[in-house]
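Structural characterization, general
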Amino acid sequence: MQTAALIVAAGSGTRLGGDLPKQYLHLDGQPVLRRTVLAFLEHPRIDHVQVVIGAGQKDLYDKAIAGLDLPPPVIGGETRQQSVAAGLAALAGSAPAHVLIHDAARALIDHALITRVCDGLVSCSAVLPALPVVDSLSRVEGLQVSGTQDREGLVRAQTPQGFDFLAITAAHRKAAGQAMSDDVAVARAAGMVVQVVQGSEDNFKITVAEDLERAEFLVRQKGLSIMETRTGSGFDVHRFASDRALMLCGLQVPHTHGLAGHSDADVALHAITDAVLGAMAEGDIGDHFPPDDARWKGVSSDIFLRYAMSLLQLRGGRINSIDLTIICEAPKIKPYRQAMRHNVAAILSVPARRISIKATTTEQLGFTGRREGIAAQATATVELPREPDTFEA
Ligand code: MG
């Protein structure tokens, strides 16, 4: 084996919010780690990809790399340095000539950068991709500037850092127990000479929420997005009943009548739920919540919509927009429209600008015109990771 890639994904940092370590968050519908791994798997100069994961992350890992041809992951240590050492030890059996050690959170690593590091290793035993420092550097104490740092001779270090495999393995063994900032530091401590090649501005570490947004933007701008837009529609009707509260979009609306139904009969949320399910081709609300099931008797209908949203998120999807029309002679919807938009937006965890709510009468025609009930129709536009079309007989 010539060249192995060691992807270090052992971090448990959840700084981006939520419970997931950042390497498992979705970037354009794919876990960050999967995108990183694919960049190396698809590179012709890389013969072997080994991932190091954190203890307790095996399930997340299996889901993230589903369908990819990879060896079992190595469980990392307490520090990045220990994780890299564990990964190198696991690679020893296959004895690669070179190893590229890369941070999983640098998901926008591009083909040309991997090539530059591989090229560098032809003539050197250690290669660092780096970028110039363009901003001036100041030293601070608290909020006060205490000095200026000359940026001459400084670069910003990135990964993948490339090494002669045996040399870096020996260097890591020697550095065990001493805290080093990265693998280049480990290499230099062992006397290795490190050559610099040009890094890439897009090869940044996804650390904070803005990084994830920037990465999403770049993926789309480069035409690398795997998302496709899909549309679903939903339609629902409930008849009026005199003994119930009227619930519309999770809001109790004052009226002479409520709506009859097994749940709280929120006709608007039912239509939106069916629209979201429809966009995923996941059946309808009755498939997931059978009306003869006593568990759903009288429940607040936001649980149906939350469920549809969780299905969408599991598939790496997101809501683009919801457009709802409520059809009735009375009550008047307009005074409640903003509150309804915010309710739906909160249930779906999207900004209210993505939610449209309209109302119409049917000019006193038909069942809504005779004030026998309320109808609602909704359209959901979502984005889902594109999957290959397979045609079943
Ligand atoms: Mg219904």
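Heads up: these notes are all about the structure in this document. (Residues numbered from 1 in each chain as written. Predicted model: local features only at pLDDT ≥ 70, side-chain atom pairs only at ≥ 80, totals over all residues. Heavy atoms only, no water.)

Further remarks concern helix α5 (residues 165-175). Along α5, the residues that are buried comprise Phe165, Ile168, Thr169, Ala171, His172 and Ala175. The buried residues of α5 occupy an angular sector of 160 degrees when the element is viewed end-on, so they sit on one face. Set apart from the buried face of α5 by more than 90 degrees, the exposed residues are Leu166, Arg173 and Lys174. The elements touched by buried residues of α5 are α3 (80-91), β6 (98-103), β11 (161-164) and α6 (183-189). Between a side-chain oxygen at the N-terminus of α5 and the backbone nitrogen of Leu166 the separation is 3.3 Å; the capping residue is Asp164. Downstream of α5 by a residue or two, Gly177 has a phi angle that is positive, lying close to 90 degrees. (Buried < 20%, exposed > 50% of the residue type's maximum accessible area, 1.4 Å probe, protein only. Helix = DSSP H or I, 4+ residues; strand = E, 2+ residues; numbered from the N terminus. Arc of directions from axis to C-beta. Contact = heavy atoms within 4.5 Å. Polar contact = N/O pair within 3.5 Å; in protein donor to acceptor, adjacent residues only side chain to side chain.)

Okay, the coordination of the magnesium ion next. Within the protein, the magnesium ion binds to Asp236 (OD), His238 (NE2) and His270 (ND1); these donor distances fall in the range 2.1 to 2.3 Å. We note that the donor set of the magnesium ion lies within a single chain, spaced as D-x1-H-x31-H. With a gap of 32 residues between them, His238 in strand β13 (residues 227-241) and His270 in helix α8 (residues 267-279) connect regions that are remote in the sequence. Judged by relative accessible area, which is 12%, His238 ranks as buried. The exposure class of His270 is buried, given its relative accessible area of 8%. (Donors = N, O, S within 2.8 Å, 3.2 Å for Na, K, Ca; no water.)

Note: α-helices contain 3.6 residues per turn, so residues at a spacing of three or four share the same orientation. Taking 1.5 Å of rise per residue, the 13 residues of helix α7 (residues 209-221) would be expected to cover 18 Å, and the 18 Å separating its terminal C-alpha atoms lies within 8% of that figure. Turning to α7, its buried residues are Asp211, Leu212, Ala215, Glu216, Leu218 and Val219. Looking straight down α7, one finds that the buried residues subtend no more than 165 degrees of arc, so they occupy a single side. Residues of α7 that are exposed and point more than 90 degrees away from the buried face comprise Glu210, Glu213, Phe217 and Gln221. Looking at the buried side of α7, the elements it contacts are β2 (26-27), α1 (32-41) and β17 (318-327). (Expected span 1.5 Å × (residues − 1).)

Below, the discussion takes up the sheet that holds β13. Taken together, the five strands give an open sheet; going across it, the order is β16-β13-β19-β17-β18, and neighbouring strands pair in mixed fashion. Each edge of the open sheet carries a strand with a single partner, namely β16 (258-259) and β18 (355-360). Across two bridges, β13 lies against β16 in antiparallel orientation. The residue bridging Ala241 from the neighbouring strand is Gly258, located in β16. (Pairing = 2+ DSSP bridges.)

Time to look at the environment of Leu384. Mapping Leu384 onto the fold places it in strand β19 (residues 373-385). Here the alpha-carbon distance between Leu384 and His288, two residues 96 residues apart in the chain, equals 20 Å. With sequence-adjacent residues up to four places away left out, Leu384 is seen in contact with Ile226, Met227, Glu228, Arg230, Ala279, Met280, Leu312, Arg315 and Gly317.

Bear in mind that shape data such as this cannot, by itself, settle questions of function.
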